[in-house]
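Listed below are the residues making up each chain.
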Amino acid sequence: MSVTDLSAAQAGARAWAAAAAVPDPEIPVVTVADLGILRAVTLRDGVAVAQVSPTYTGCPAVLAIELAVEAALRDAGFEARVERQLSPPWTTDWITEEGREKLRAYGIAPPAQAANSVRALFGESVVACPRCGSEATEKLSDFGSTPCKAQYRCRDCLEPFDHFKCI
Amino acid sequence: MSDAIVTALLELADDHLVLGHRLSEWCGHAPMLEEDLALPSMGLDLIGAARVLYTRAGEIEGKGRGEDDFAYLRDERAYRNCLLVERPNGDFAQTMLRQLYFAAFMEPYWKAALGSSDAVVQGLAAKALKEVAYHIRHSAEWVIRLGDGTAESAARMAEAVVELHGYTDELFLSSEAAQAAEAAGILPGRAALRTAWEAALKPVFAEAQLDWPEKVWPQSGGRKGEHGEALGHMLAEMQVIARAHPGAVW
Ligand SMILES: [Zn+2]
């Protein structure tokens, strides 16, 4: 069914579903909706406008994500535009429960909740090993293969793993 | 008025781009893999902030200039960054101390900028504030590790303080343009941040067994476009592709 035959609510739902299914280019097991970086999709004068928040200010994936969201909306039959939304700033608290579970299953320890205090940011909170569940882990570096990750190691199963850091 | 706002935003953007580029120079050369990831990661944060600020400056200026025009098509004399950020990487001690000096300044700066009257600056401040917290922790850990390390590393760290401390004073000076932006509530004042900066740094220096320099000879001039020769070399490398292929896209 072409978009013009849909009710406004149906068209809005279709646009959201199309944009929400776009995978993150760096961690493709989670979608932009799982990560909470897709803030909204609204229909304005027949154009689907997606609002996307960058994870990190300089995240090189931002442009790729915006292009992918725009392409997904076009594929779903919409004229599309993406707006970058800097404020309020994205926080890892916006990652959905489902997103956290997907990260864990993929081998990335998800961030703790309540990332908004600097205390939690440096959370001496426990990071459990995503493979064996052990809480005997240690940080190797605050910085990892992408801006959003830190490197950890499990002292029980001895595997290194990524931690999606709180921000 | 709006000219002054544009200039003030460019000063801040240039600080971030120049330091971000300096950090990127470590990519592939850092002493260990973790640092090869950490330094460019911090660089990306800074370049990301610069992009937001250049774009905003271009909007206010209204002449159609964007981030690439500001970054790639201005000469050294048109750059308005402070001298600290353009200092060459030197050794690892100098790179880390330069980072700590800058990050410990930007933390209270961004905190104050949360109250900016400009929505873009305000949004950037909220984001950058979290990122800079990681930069402070990372660089402070290294300053302590090297300062309180071997005789060799301690000597190099002490040398880095001698080399760089004189460039920190400029962080606290507001140019005429910055003063206009401050009066308009767009950017926070600089002089008032010295207390917070010293309070953040002095415990790190103590733990690192470093003496806090009481007497320094302040260096400034970056906000007037008076730079050391190191910036020219850096810009030549950074701008060569964009200038050789005007308007190229990828
Ligand atoms: Zn384990």
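None of the values given here were measured: they were computed from a predicted structure.

To continue, consider the sheet that holds strand 5 (residues 137-141) of chain A. The four strands are arranged 4-7-6-5 (chain A) in an open sheet whose pairing can be described as mixed. Edge positions in the open sheet fall to strand 4 (108-109) and strand 5 of chain A, since each of these has one partner strand only.

All right, on to the sheet that holds strand 3 (residues 79-84) of chain A then. Residues and elements named next belong to chain A. Pairing is mixed across the open sheet formed by three strands, whose spatial order is 1-2-3. Either end of the sheet is taken by a strand with one partner, and the two such strands are strand 1 (38-44) and strand 3. The mean inter-strand angle of the sheet, taken between neighbouring strand axes irrespective of direction, is 20°. Alignment of strand 2 (residues 47-52) against strand 3, held across six bridges, turns out to be parallel. Bridge pairing in strand 3 links Ala 50 to Val 82. Relative to the sheet, helix 1 (residues 8-20) contacts strand 1 and strand 2, its axis offset from that of strand 1 by approximately 145°. Of the strands in this sheet, strand 1, strand 2 and strand 3 touch helix 3 (residues 61-75), which is tilted by about 155° from strand 3.

It is worth spelling out the packing of helix 2 (residues 33-61) of chain B against helix 6 (residues 119-147) of chain B at this point. Residue and element names in this part refer to chain B. Following both chains from N to C, one finds helix 2 and helix 6 inclined at 155°, their axes separated by 11 Å at the closest point. When the axes of helix 2 and helix 6 are compared, the pair comes out roughly antiparallel. Relative to helix 6, helix 2 is oriented so that their crossing is left-handed. Seen from helix 2, the contacting residues are Glu 35, Ala 38, Met 42, Asp 45, Leu 46, Ala 49, Val 52, Leu 53 and Arg 56; seen from helix 6, they are Val 120, Leu 124, Glu 131, His 135, His 138 and Trp 142. In terms of residue class, the contact of helix 2 with helix 6 is built from nine nonpolar, two polar and four charged.

Before going further, it helps to spend a moment on the interface of chain B and chain A. Size of an interface: often given as the accessible area lost when the parts come together. The interface of chain B with chain A comprises 22 residues on the first partner and 27 residues on the second. Roughly 2,300 Å² is buried in total at the junction of chain B and chain A, and carbon and sulfur atoms are behind 63% of that figure. Looking only at chain B, the three residues that lose the most surface to chain A are Lys127(B), Lys130(B) and Tyr134(B), adding up to 34% of its buried area. For the pair chain B and chain A, the number of links is one salt bridge. For Arg137(B), the salt bridge is made with Asp142(A), and the minimal N-O distance between the two is 2.8 Å.

All names here are of chain A. For strand 1 and strand 2, the ladder comprises six bridges, and the chain directions are antiparallel. Bridging across to strand 2, Val 41 finds its partner in Ala 50. Counting the residues between successive antiparallel strands, the hairpin from strand 1 to strand 2 contains two residues, one of them, Asp 45, with a positive phi of roughly 50°.

It is worth spelling out the coordination of the zinc ion at this point. Residues and elements named next belong to chain A. Each protein donor to the zinc ion is listed here as Cys 129 (SG), Cys 132 (SG), Cys 154 (SG) and Cys 157 (SG); together their distances run 2.3 Å. With four donor atoms in place around the zinc ion and angles of 104 to 117° between them, the coordination shape is tetrahedral. Residue classification places Cys 154 among the buried positions, given a relative accessible area of 1%.

Once that is clear, we can look at the pairing of strand 7 (residues 160-164) of chain A. Along any regular strand, the residues point their side chains to alternate faces of the sheet. All names here are of chain A. The pairing of strand 4 with strand 7 spans two bridges and is classified as parallel. What sits directly across from Ala 109, in strand 7, is His 163. Both strand 6 (residues 149-154) and strand 7 contribute to a ladder of five bridges, which runs antiparallel. Note on strand 7: the bridge partner recorded for Arg 153 is Pro 160. Taken together, strand 6 and the strand that follows it, strand 7, pair antiparallel across an intervening segment of five residues, in which Leu 158 is found at a positive phi of about 70°.

Residue and element names in this part refer to chain B. Given a rise of 1.5 Å per residue, 29 residues ought to cover 42 Å, and the 41 Å separating the end C-alpha atoms of helix 6 matches this to within 8%. Of all the bends in helix 6, the greatest, near 30°, is centred on Ala 128. Its side-chain oxygen at 3.0 Å from the backbone nitrogen of Val 120, Asp 118 defines the N-terminal cap of helix 6.

A separate point is the packing of aromatic side chains. Residue and element names in this part refer to chain B. Tallied over the entire structure, the rule returns 13 aromatic pairs over all chains. The interplanar angle of 35° and the centroid separation of 5.8 Å between the aromatic rings of Tyr 101 and Trp 197 together place this pair among those described as tilted. One end of the pair, Tyr 101, is in helix 5 (residues 92-113); the other, Trp 197, is in helix 9 (residues 194-207), and 96 residues separate them in sequence. Note on Phe 105 and Tyr 109: the rings are 5.7 Å apart at their centroids and 35° apart in plane angle, and the pair reads as tilted. Of this pair, Phe 105 and Tyr 109 both sit in helix 5, four residues apart, roughly one helical turn. Exposure remark for Phe 105: the relative accessible area of 0% places this residue in the buried category. Among the aromatic residues, those joined into a cluster by ring pairs are Tyr 101, Phe 105, Tyr 109, Trp 110, Phe 172, Trp 197, Phe 205 and Trp 212. Taking NZ or CZ as reference, Arg 74 lies 4.3 Å from the ring centre of Tyr 79, over its face.

About the thresholds
- Going along each chain's sequence as written, the residues are numbered from 1 onward.
- Lettering of chains starts at A and numbering of ligands starts at 1, both following the order in which they are written.
- With the structure being a predicted model, the display of local features is reserved for residues of pLDDT at least 70 and the display and counting of side-chain atom pairs for 80 or more, all residues being used for whole-chain, interface and lining totals.
- The basis for the side-chain values is all heavy atoms of the structure; hydrogens and waters are excluded.
- By the convention used here, strands pair only if DSSP detects at least 2 bridges between them.
- The helix count covers DSSP runs of H or I at least four residues long, the strand count covers runs of E at least two residues long, and both are numbered beginning at the N terminus.
- Comment: axis = line fitted to C-alpha atoms, over the contacting stretch for helices; angle = value between 0 and 180 degrees taken between N-to-C directions.
- Residues count as neighbours in contact if any of their non-hydrogen atoms are within 4.5 Å of one another.
- Angle categories: roughly parallel below 35 degrees, roughly antiparallel above 145, roughly perpendicular from 65 to 115, and oblique for all the rest.
- Left-handed describes a crossing whose near helix is turned anticlockwise from the far helix by less than a right angle; the clockwise case is right-handed.
- Any residue that is not Ala, Val, Leu, Ile, Met, Phe, Trp, Tyr, Cys, Pro, Asp, Glu, Lys or Arg is counted as polar, Gly included; the first ten are nonpolar and the last four charged.
- Buried area is a sum: the accessible area each of two parts loses on coming together, probed at 1.4 Å, counted once for each and added.
- Any Lys or Arg side-chain nitrogen found within 4 Å of a carboxyl oxygen on Asp or Glu counts as a salt bridge.
- Note: metal donors comprise N, O and S atoms at 2.8 Å or less from the metal (3.2 Å for Na, K and Ca); water molecules are not included, so apparent gaps in a site are possible.
- Metal sites are grouped by the angles between bound donors: all angles between 85 and 135 degrees with four donors is tetrahedral, opposite donors over 155 degrees apart with the others between 65 and 115 is square planar for four donors and octahedral for six, and any other pattern is irregular.
- Burial classification: accessible surface area is computed with a 1.4 Å probe over protein chains only, and a residue below 20% of its type maximum counts as buried, one above 50% as exposed, and the rest as partly exposed.
- Under the convention used throughout, the expected extent of a helix is 1.5 Å for every residue step, that is, one less than its residue count.
- Bending is quantified residue by residue as the angle between axes fitted to the seven-residue window ending at that residue and the seven-residue window starting at it.
- Any N or O atom pair separated by 3.5 Å or less is treated as a polar contact, with the protein-specific requirement of one donor-capable and one acceptor-capable atom, and with residues adjacent in sequence counted only for side-chain atom pairs.
- Aromatic pairing here means that ring centres of Phe, Tyr or Trp (its six-membered ring) are within 6.5 Å. Orientation follows from the plane angle: under 30 degrees is stacked, over 60 is edge-to-face, and everything else is tilted.
- For a ring to carry a charge above it, either NZ of a lysine or CZ of an arginine must fall within 6 Å of the ring centroid while also lying within 35 degrees of the normal to the ring plane.

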